[in-house]
Amino acid sequence: MQKTVSLAHHVDEATMNNQEFIHSIQISDFSSTPKYLQLADAVIDGVKRSHLRQGDILPSINELSVHLDISRDTVEKGYKHLKSLDIISSTPGKGYFVAKSDVVNKQKIALFLNKLSAHKKIVYDALARELGEEASLDLFVYNSDISHLRTLLLNLTKQYDRYVIFPHFKEGRDQAPEVLSLIPMDKLLVLGKMVDGFGSHIDAVYENYEKDIYEALEKALEPLSRYRALKLIFPDNSDYPKAIIKGFYKFCQQYAFDHTLVGSLAKEPIKKGECYINLAEDDLVLILEKSIAKNYQVGKDIGIISYNETPLKKFILNGITTISTDFELMGKYAAQIIKSKETKQLEVPFYINIRPSI
C-alpha cells in the first residue's frame, strides 16, 4: 500500500501539486536505466508538467526511499544528479527544493537492445552523444526473446516520443510485426535490420546482411584463394540474420569455394587449408584454442575472419581480419532521424579489415 508523503511548510495548492507528482513517479524494475536516473527523469517531467514549481520543497530522501521502495543511496544519487543539472538545490536543515521551472522539454526515448555487447554499447554511446541534452534515454534489454519484448512493451510505465528497437529474435520471428505493432508506427525506429511486413512505413537504420558479407569476402578474394574451403560458423538457435548465410553461399558458389555451414564449433575439427568465419565472440576464442592445440599457424595453416571489429582484434596474433558494420555511424544515423522527425531508411556501410589472419 502506498504511503502519503507529507510536505511541510507548503500551502494547500503546492501540497496537492506535490502529492500528484509523488504518486505519478513510477520506477520500473524492467528497465536497464538506473533507478536514480528514472527518479531524476520523474522530477524533471514533474517540473515540465508544472506538478512541481520553482521553490517547491521536494520529498525527503527517507520519504522517497519508503514510498518508492528503493534505497536511500539511490534517492540521494538521483538528487545529486539533479543538482548537477541545476534543476534542484538544497539548504541544510530544510531539504531539497526546485531551483528552476524553465526545464528544456526533452524527447523521451526508449531503447530496446536484444542483448548487451560491446557493439551495442557503441551504438548506445553514439546515440546518446548525438542527442545530447535534447533527449533522455531509457534502456531495456530483452535477450532476443520476443515474448520478453512483448512483456516489456505492455508494462512500460510511461509514454515515449520514440521507441528504438533492435529486432533480433532467436525464435518467433514471424510474430515480430504483431509485437512491434504495439508501438505507434510514427514513433518506431528499428536498428540493425528491416522487419518484413512494414515496408517503407517505419524509420530504420539497417544493415544489408546478404550484400555486406558477399562484397566483404569479394574484397578478400586474393588471400582467400589460398584456402580450399570456407566455413561459416552460424550458431544453432541464434538471433543472427539468415541473410548472412545467403550471402555466404552466394559468394562461395560464384567463386567455386568448397563451403560448409557449421552450427556448433564444439565438435567441429579444425583442419589445415580451411578458413573459418565466426559471428560469435565465443567461437573466435574456441577457434584460437583449437588451432593452438594443433600447433596451427593462423594465416598460414588456417584462416580466420571475425564478425564485428573490436580494438583487441587488431592485436591478437598480429591482427584478426574483421568484417563489420559501422556501429558508431548507426547510432549517429538514428539520432539524425530522431532529430529530423522525418521518415527515413538509411543503410549503414560495411567494411572489411584485412589482416594477417587470412
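The rules behind each value
- Residues numbered from 1 in each chain as written.
- Predicted model: local features only at pLDDT ≥ 70, side-chain atom pairs only at ≥ 80, totals over all residues.
- Heavy atoms only, no water.
- Helix = DSSP H or I, 4+ residues; strand = E, 2+ residues; numbered from the N terminus.
- Buried < 20%, exposed > 50% of the residue type's maximum accessible area, 1.4 Å probe, protein only.
- Contact = heavy atoms within 4.5 Å.
- Pairing = 2+ DSSP bridges.
- Axes fitted to C-alpha atoms, helices over the stretch in contact; angles between N-to-C directions.
- Salt bridge = Lys/Arg side-chain N within 4 Å of Asp/Glu carboxyl O.
- Phe/Tyr/Trp six-rings, centres within 6.5 Å; stacked < 30°, edge-to-face > 60°.
- Lys NZ or Arg CZ within 6 Å of the ring centre and 35° of its normal.
- UniProt positions renumbered as here; feature names shortened; annotations may be inferred.
- Right-handed = clockwise from strand over helix to strand, strands pointing away.
- Core = buried A, V, L, I, M, F, W, Y, C linked by side-chain atoms within 4.5 Å.

Per an unreviewed UniProt entry, the recorded name for the protein chain is GntR family transcriptional regulator, and the organism is Sphingobacterium bambusae.

(A) Summary view of the overall build of the protein chain. Looking only at helices and strands, the protein chain has twelve helices and 14 strands in total. With the principal axes as the frame, the protein chain shows a C-alpha extent of 85 × 45 × 35 Å. Taking all 358 residues of the protein chain together, 51% fall into the buried category. Long-range pairs, those at least 24 residues apart, make up 71% of the contacts in the protein chain with a sequence separation of at least 6.

(B) Region of the structure containing the sheet that holds strand β14 (residues 350-353). With mixed pairing, six strands are arranged side by side in an open sheet as β9-β8-β10-β11-β12-β14. Edge positions in the sheet fall to β9 (258-262) and β14, since each of these pairs with one other strand and no more. Across the sheet, the mean angle from the axis of one strand to that of its neighbour is 15°, orientation sign disregarded. The pairing of strand β10 (residues 274-278) with strand β11 (residues 303-307) spans four bridges and is parallel. Across the sheet, residue I277 finds its bridge partner in β11, namely I305.

(C) Spotlight on the pattern of salt bridges. Scanning the entire structure with this criterion turns up 18 salt bridges. A salt bridge links K121 to D125, with the shortest nitrogen-to-oxygen separation between them at 2.7 Å. Taken together, the positions of K121 and D125, both in helix α5 (residues 118-131) and four residues apart, correspond to about one turn of that helix. With its nearest N and O atoms 2.7 Å apart, the salt bridge here joins R355 to E309. One end of the pair, R355, is in the segment after β14; the other, E309, is in the loop between β11 and β12 (321-325), and 46 residues separate them in sequence. Each member of the pair, R355 as well as E309, carries the same accessibility label: buried. One salt-bridge network, in which partners are shared between bridges, spans K211, D212, E215 and E347.

(D) Inspection of the packing of aromatic side chains at higher detail. Across all of its chains, the model carries ten aromatic pairs by this definition. Both rings, one in F251 and one in F257, keep their centres 5.6 Å apart while their planes meet at 20°; by these two values the pair is stacked. This pair shows no difference in class: F251 is buried, exactly as F257 is. For the cation-ring pair, K120 lies above F166, with the distance from its terminal atom to the ring centre recorded as 4.9 Å. The ring of Y214 carries K250 above its face, with NZ or CZ at 5.1 Å from the centroid.

(E) Looking closely at the UniProt feature "domain: HTH gntR-type" (unreviewed entry) in the protein chain. According to UniProt, the feature "domain: HTH gntR-type" (unreviewed entry) maps to residues 33-101 in the numbering used here. End-to-end, the C-alpha atoms of residues 33-101 are 25 Å apart, and along that stretch the chain is 51% helix and 12% strand.

(F) Structural view of the pairing of β9. Two strands pair when backbone bridges link them, and strand β8 (residues 229-233) and β9 are joined in this way by five bridges, in the parallel orientation. Across the sheet, the residue bridging to A229 is D258, located in β9. After leaving β8, the chain enters helix α10 (residues 243-254) and then returns to the sheet as β9, a path that is right-handed.

(G) Focus on the nonpolar core. Core analysis: the biggest nonpolar cluster contains 28 residues, and L224 and I323 have the highest contact counts within it. Elements with a minimum of two residues in this core: α8 (209-219), β8, α10, β10, β11 and β14. If we skip the residues at most four places from it in the chain, L224 touches L217, L230, F251, F257, C275 and I305. Among the nonpolar cores identified, the runner-up in size contains 23 residues, and Y142, L153, V190 and I202 belong to it.

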